[in-house]
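Residue-level structure breakdown
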Amino acid sequence: MKIPSVATARLLLHPMTVDEAERVVARAPHAGDDWAEGYPGDGDVRSSTAFLRGVAERGAPGVYQVYQIRLRDSGATVGGIGFHGPPDAEGFATVGYGVVPSVRGKGYATEALRALVGVAREAGAAGVRGDADLANTASHRVMEAAGLRPEGGSDTLRRFRLEF
C-alpha cells in the first residue's frame, strides 16, 4: 500500500521508501535528492535505521513510519519527522522530529508535527507521545504548540502527551 504525502501550507511530509532510508543512513544522496545543508542529521540517520529495522522485522509500517520534511516551494528536504513504530498497547504512537539548523525558528517543526498528529488521529491512534531533553526548550514549545502537554519526565527528559 502506497502511503500518500501529507501537505501543509508550506511543507510536504514525504513518506520515506526503503531506498530513500538506505541513502539517508549512508548519507549518500542520489542525483534527484535535494537535501538542505545539514541533512541528514544524526537523528535522521537513527530514525531511518530504526525504520529499516522495523520493515525487516515487521513489514511495511503503513502510516506509522518516517517522513522527510520537504519545503513545498523548492522541494528541499530540511528535516525528518515520524513515528517510532506502531502505537503501543495503550494505542499511543511516539513521535520524533528534527529540522536542519538553517530553517529553525520558522515554525516548520510545529507545522510538521501538527500534520503528523493528524495522521495518527486519522489512523485511529488513541494519542501521541513525545519527549525532549530537559534543556531543549525549543522542542518543548514545538510539542506544546502542536497540542501535546507535559506529562512528567526525569532528570534529563521532559515527556509530552496528547490524548485524542
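Look up a bit, the structure's there.
Residues numbered from 1 in each chain as written. Predicted model: local features only at pLDDT ≥ 70, side-chain atom pairs only at ≥ 80, totals over all residues. Heavy atoms only, no water.

Here's the deal with the packing of aromatic side chains
By the definition in use, this model includes 2 aromatic pairs. Ring centres of Trp-35 and Tyr-39 lie 5.3 Å apart, and the angle between their planes is 80 degrees; on these two criteria the pair is classed as edge-to-face. Where Tyr-64 meets Phe-83, the ring centres are 5.1 Å apart and the plane angle is 70 degrees; that geometry is what we call edge-to-face. Of this pair, Tyr-64 sits in the loop between α2 (42-58) and β3 (66-71) while Phe-83 sits in strand β4 (residues 77-83), and the two are 19 residues apart along the sequence. Tyr-64 sits in the buried class, given a relative accessible area of 11%. It is Arg-129 that lies over the ring of Phe-92; its NZ or CZ is 4.3 Å from the centre. (Phe/Tyr/Trp six-rings, centres within 6.5 Å; stacked < 30°, edge-to-face > 60°. Helix = DSSP H or I, 4+ residues; strand = E, 2+ residues; numbered from the N terminus. Buried < 20%, exposed > 50% of the residue type's maximum accessible area, 1.4 Å probe, protein only. Lys NZ or Arg CZ within 6 Å of the ring centre and 35° of its normal.)

Focus: helix α3 (residues 108-122)
Taking 1.5 Å per residue, 15 residues should reach 21 Å; α3 reaches 21 Å between its end C-alpha atoms and fits that length. The buried count for α3 comes to 11 of 15 residues, which makes it a mostly enclosed element. Among the residues of α3, those classed as buried are Tyr-108, Ala-109, Thr-110, Glu-111, Ala-112, Leu-113, Ala-115, Leu-116, Val-117, Val-119 and Ala-120. Remark: Gly-124 follows α3 within two positions and exhibits a positive phi of approximately 95 degrees. (Expected span 1.5 Å × (residues − 1).)

Some remarks on the nonpolar core
If you look at the biggest cluster of nonpolar residues, it comprises 44 residues, and the most contacted ones within it are Leu-13, Tyr-67, Ile-69, Ile-81, Phe-83, Leu-113 and Leu-148. Examining the composition of this core, we find that 9 residues originate from one element, α3, more than from any other. Residues within four places of Tyr-67 in sequence aside, it is in contact with Ile-3, Leu-13, His-14, Pro-15, Met-16, Gly-79, Gly-80, Ile-81, Gly-82, Phe-83, Leu-116 and Val-119. (Core = buried A, V, L, I, M, F, W, Y, C linked by side-chain atoms within 4.5 Å. Contact = heavy atoms within 4.5 Å.)

Observations regarding unusual backbone geometry
Note on backbone geometry: most residues besides glycine have negative phi, and most peptide bonds are trans. Here the amide bond leading from Tyr-39 into Pro-40 is cis, since omega sits at 0 degrees, within 30 degrees of zero. With phi around 55 degrees, Arg-27 is a residue other than glycine that occupies positive phi space. On the secondary structure map, Arg-27 appears in the loop between α1 (18-26) and α2.

Regarding helix α4 (residues 137-145)
For α4, the full list of buried residues reads Ser-139, His-140, Val-142 and Met-143. Summarising the axial view, the buried residues of α4 lie within an arc of 160 degrees, below the 170-degree limit, and thus occupy one face. Turning to α4, the residues buried within the fold contact β5 (92-99), α3, β6 (127-133) and β8 (157-163). Of the residues trailing α4, Gly-147 is marked for its positive phi of about 100 degrees. (Arc of directions from axis to C-beta.)

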